[in-house]
Amino acid sequence: MRLSLRFVLPLLLVLAAFAYAMVPLVDQFTLRWFVRDLDIRANLIANTVQEPLQEQLAAGSRAKTINFFNRITQDERVYAVGYCASTDSRPLASRTLPAEILCSDLDRWQAPGEHLLHSTQGPLHVAVKPLASEAAPAGQLVLVHDMSFVARRSEETKRYVFYVFMGIAAVVSMITVIIAQVSWRGWVAGMRALLRGEGLLRQPVPQTASPEFRPIARDLQRLVRELEADYRSRDESQMTWTPETLRAILHSELAGEDVIVVSNREPYIHQRQGERIEVQRPASGLVTALEPIMRACSGTWIAHGSGSADREVVDRHDRVGVPPEKNAYQLRRVWLTPDEESGYYYGFSNEGLWPLCHIAHVRPIFRSGDWSHYVAVNRKFADAVVAEAKTRAPIVLVQDYHLALLPRLIRERLPAATVITFWHIPWPNPESFAICPWRDEIVAGLLGSSILGFHTQFHCNNFVDTVDRFLEARVDRESFTVTLGGKATAVRRYPISIAWPPDAEMVGKPVEQCRAEIRQANGLPADIAIGVGVDRLDYTKGILERFRAVERLLELNPEWIGRFCFVQIAAPSRSRIEEYQDHEARVRAAAIRINERFGRGGRDSAPPILLKVQHHEPQQVYEYYRAAALGFVSSLHDAMNLVAKELLASRDDERGVLILSEFTGAARELPEALIVNPYDADQCAAALHLALTMAPAEQRDRMRLMRGLVGEFNVYRWAGRMLLDAALMRRRGRLLEKPATRKA
Ligand code: F6P
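Residue positions are given per chain, counted from 1 along the sequence in the order it is written. Local features are withheld for residues below a pLDDT of 70 in this predicted model, meaning they are given only at 70 or higher, and side-chain atom pairs are given and counted only at 80 or more; totals for whole chains, interfaces and linings count all residues. Heavy atoms throughout the structure, all of them, feed into the side-chain values; hydrogens and water do not.

A few words now on the site of the ligand. What makes a residue near a molecule or strand is one non-hydrogen atom of that residue sitting within 4 Å of it. In the vicinity of the ligand, the contacting residues are Arg-265, Ser-284, Gly-285, Leu-286, Tyr-345, Trp-354, Asp-400, Ile-425, Arg-536 and Arg-574. In protein, a polar contact means a hydrogen-donor-capable atom and an acceptor-capable atom, both N or O and within 3.5 Å, with residues adjacent in sequence counting only if both atoms are side-chain atoms; elsewhere, any N or O pair within 3.5 Å suffices. In this structure, Arg-265 approaches the ligand through a side-chain N or O atom, which is 3.0 Å from an oxygen atom. Here an oxygen atom of the ligand and a side-chain polar atom of Arg-574 are 2.8 Å apart. Here a helix means four or more residues in a row that DSSP labels H or I, a strand means two or more in a row labelled E, and each is numbered from the N terminus. For the shell around the ligand, the secondary structure elements donating two or more residues are α6 (285–297) and α8 (338–358).

As structure tokens, then:
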């Protein structure tokens, strides 16, 4: 209807304007026609009356002539008749002859086009005809016609012209509308056919598209794909990512899909403490990131059951609902023998792959026995995935370097599954990775994934270079896709983050109160400035370098002695590994040495370093973050580092300073931190001094920018982006599986 109006209204207006412009023309034409007719008529009458008139004039009877004229005027059109014998005589005329017509002035009416007289009786036509005869009296016959009928006729004609134009307008409009509707529908149908069935995906041009569209189809599809990507990225940038957003995406994009997470580390560990069972949250970046995701989307999390009371709380399928206070998803535990744990977790994963990928000057150790356990445990996890899958095509999120073989094992057993693998640690350059005796198997195992994610593009590049170097696989650097055995893996960058906003209970306690309580709990003076570091006790975290920086600060700026205390929370980690035991010993020794050097002793003094080697629950950790004047992350190599982001999340008061190692993935996202090289003790000491003396306004400005970024690029976005890509991949896959539908 709207379409019709859009066509018809302008057309009607144009035609009406045209008809309106025609009216004066019609007047002119009709007038000219009628004047010509009246001229002819006047000639005819003159010829007819000439003889009887001349006879009467010859007879000299004026009265008879006037009567004769009066009789002629009984014709409805002839208004008056007159006769002028000469130019100086008075006219002999019917009584109706207008006074304006004078014998002396007859020439006036003989000029071409001068036949009209606008008298008080209305418009009149005046014709002057000479009476030509040798015998009879000559003179001029004046014939006056009434022209009022001309005006009437002209009005009628104008009305008809107008009606005709309106009729034409209506017919033309209808024809236009019909043609427009028919061709518009055809166009729309053509376009729809072109774009239908995820027309944005790479597929043959639909056979339902009209032939005239086919030449442009591919270009159009590409354009729409680009627009879609553009729209998506714009849309995403305007989106606030929350658990609800993630749930909505799962609902709309992956409705009813079966989501399974697999990792070595479990999100909740049940530990027996005498008569009681305690639930622990492990110090793990992986758990920090994935736990809120699982709360948002339910599903099943498969992980190694490592707690002393883990077996006591599971059901007969080895499942337990978590979080304990309000079950939101299922935790399915996988049991490992001590040998398996030793070979797969401590051995191959943490003495081999961990130092290999971190290049933190600790030699990787590769033992064939460890490798056998690694293979066997990966198979065990694959069994668990197959057992937990509710459909033949689940979405499986495989986490980290403990499970590098799992993607391929899943693909072999559940070929329709979408496997998204995320590698939480760095991927080294091909030369470094080449040390691993089973490098080919590791890379091929990972290439069982549909999508393989890293935190940074640098690690994506390293991985693709490694494949290129060691495997017979097709590497497409434009789309960043690797194809092995006909199966493609997309290698993508997904920088991980934390939940945002943080739980209200995490930031519930006021900053002043946190500071006071922490000072009191640790026997620190009331005015002391606190610095904080929170890590697993791992040699990659640069804890020794951090202590060295504190020592250097006190050497260079002795005014901080007794006025600054650095609290290091160090969660015990992988303590069965010799290297970790040595590292812990070195860390403890360094703290003692520095404290002896700069500690003043006495009741009101504080040690420069407070080392707390014990597990802390997340809420306690947040209280330390909130109490601190600065946080120090000095990793020697870290793919991302979520402690840095947590520290920012904890500071809703927009105070405090973050000192961040340039060798973390986080440093690429947070340039407003004080970025340091942890190997450069002087530079780190200067950063500590700067942080302790930084004006509150500058602290606020830096905090605001960094908190803004973490809030925007939070963990829901990280997971949402991967799941959206998986959803797109699945739709594409389903479409390509279907035989192409042809026009009947
Ligand atoms: O950094 C890699 C990683 O798996 C993290 O995701 C996690 O923070 C840490 O290692 C946990 O190590 P583990 O599970 O050995 O305690």
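Attention now moves to the sheet that holds strand β10 (residues 319–322). Spatially, 10 strands are ordered β10-β11-β9-β6-β12-β13-β14-β17-β16-β15 in an open sheet, and the strand pairing comes out mixed. Whereas interior strands pair on both sides, the edge strands pair on one side only; in this sheet they are β10 and β15 (474–476). Averaged over all pairs of adjacent strands, the angle between their axes in this sheet comes to 20°, without regard to strand direction. When DSSP locates at least two bridges between a pair of strands, those strands are taken to pair. In this description, a line fitted to the C-alpha atoms serves as the axis of each element, helices being fitted only across the stretch in contact, and the angle between N-to-C directions of two axes falls anywhere from 0 to 180 degrees.

Attention now goes to a nonpolar patch on the surface. Taken together, the side chains of Leu-25, Phe-29 and Trp-33 make up a nonpolar region of the molecular surface, amounting to roughly 320 Å² of accessible area. Inspection of the secondary structure puts Phe-29 in helix α1 (residues 2–59). Residues qualify for a patch when their relative accessible area is over 30% and they have no salt bridge, like charges being joined within 9 Å and the nonpolar side chains of Val, Leu, Ile, Met, Phe, Trp and Tyr within 5 Å. Method for areas: the Shrake-Rupley scheme with a 1.4 Å probe, in which residue coverage is limited to the protein chains shown. Here a salt bridge means any side-chain nitrogen of Lys or Arg lying within 4 Å of a carboxyl oxygen belonging to Asp or Glu.

The next thing to look at is the pairing of strand β5 (residues 140–146). A regular strand places its side chains so that they alternate between the two faces of the sheet. Across the 7 residues of β5, 5 count as buried, placing the element largely inside the fold. Bridge count between strand β1 (residues 78–84) and β5: 6 bridges; the pairing is antiparallel. Each residue of the ladder has a partner; that of Cys-84, found in β5, is Gln-140. Where strand β4 (residues 122–130) meets β5, 7 bridges bridge the pair, whose relative direction is antiparallel. Burial classes: relative accessible area under 20% of the type maximum marks a residue as buried, over 50% as exposed, and values in between as partly exposed (1.4 Å probe, protein chains only).

The next subject is α8. Expected span, for any helix, means 1.5 Å times one less than how many residues it has. Between its terminal C-alpha atoms α8 stretches only 26 Å, short of the 30 Å expected from 21 residues at 1.5 Å a residue. In this analysis the local bend is the angle between axes fitted, respectively, to the seven residues ending at and the seven residues starting at the residue. Ser-349 marks where α8 bends most, by close to 40°. The element α8 is extensively covered by neighbouring structure, given that 18 of its 21 residues are classed as buried.

For the rest of this paragraph, the subject is the packing of helix α12 (residues 439–446) against helix α13 (residues 457–470). Two numbers describe how α12 lies on α13: the axes approach to 11 Å, and their chain directions differ by 120°. In this view, α12 runs oblique relative to α13, as classed from their interaxial angle. The way α12 lies across α13 gives a crossing that is left-handed. Side by side, α12 and α13 meet where Arg-439, Asp-440, Val-443 and Leu-446 of the first sit next to Phe-463, Thr-466, Val-467 and Phe-470 of the second. Residues are grouped as follows: Ala, Val, Leu, Ile, Met, Phe, Trp, Tyr, Cys and Pro are nonpolar; Asp, Glu, Lys and Arg are charged; every other residue, Gly included, is polar. In terms of residue class, the contact of α12 with α13 is built from 5 nonpolar, 1 polar and 2 charged. The cut-offs work like this: below 35 degrees is roughly parallel, past 145 is roughly antiparallel, 65 to 115 is roughly perpendicular, and the gaps in between are oblique. Two helices that cross are described as forming a left-handed crossing if the nearer one is turned anticlockwise from the farther one by less than a right angle, and a right-handed crossing if clockwise. Note on definitions: a residue-residue contact is assigned when non-hydrogen atoms from the two residues lie within 4.5 Å.

Two aromatic rings, drawn from Phe, Tyr or Trp (for Trp, its six-membered ring), form a pair once their centres lie within 6.5 Å of each other, and the interplanar angle then sorts them: stacked below 30 degrees, edge-to-face above 60, tilted otherwise. With the rule as written, the count across this model stands at 22 aromatic pairs. Centroid distance Trp-371 to Tyr-374: 5.8 Å. Interplanar angle 20°. Geometry classified as stacked. Here Trp-371 pairs with Tyr-374, and both are found in helix α9 (residues 368–388), just 3 residues apart, close to one helical turn. Neither residue differs from the other here; Trp-371 and Tyr-374 are each classed as buried. Aromatic pair Trp-427 and Phe-454: ring centres 6.1 Å apart, planes at 75°, arrangement edge-to-face. Linking Trp-427 in the loop between β13 (418–422) and α11 (430–433) with Phe-454 in strand β14 (residues 451–454), this pair joins segments that are 27 residues apart in sequence. By relative accessible area, Trp-427 is classed as buried at 1%.

Let us look at the pattern of salt bridges. Using the criterion set out here, one finds 44 salt bridges in the structure. Among the salt bridges present, the one from Glu-584 reaches Arg-588, with a minimum N-O distance of 3.0 Å. With Glu-584 and Arg-588 both in helix α16 (residues 578–598) and 4 residues apart, the pair spans about one turn of that helix. Salt-bridge contacts for Arg-702 lead to Glu-698; the nearest nitrogen and oxygen are separated by 2.8 Å. Here Glu-698 and Arg-702 lie together in helix α21 (residues 696–712), a separation of 4 residues that amounts to about one turn. On the basis of relative accessible area, Arg-702 is assigned to the partly exposed category, the value being 22%. Three or more residues are tied together by salt bridges with common partners; here these are Arg-548, Glu-551, Arg-552, Glu-555, Arg-593, Arg-597 and Asp-682.

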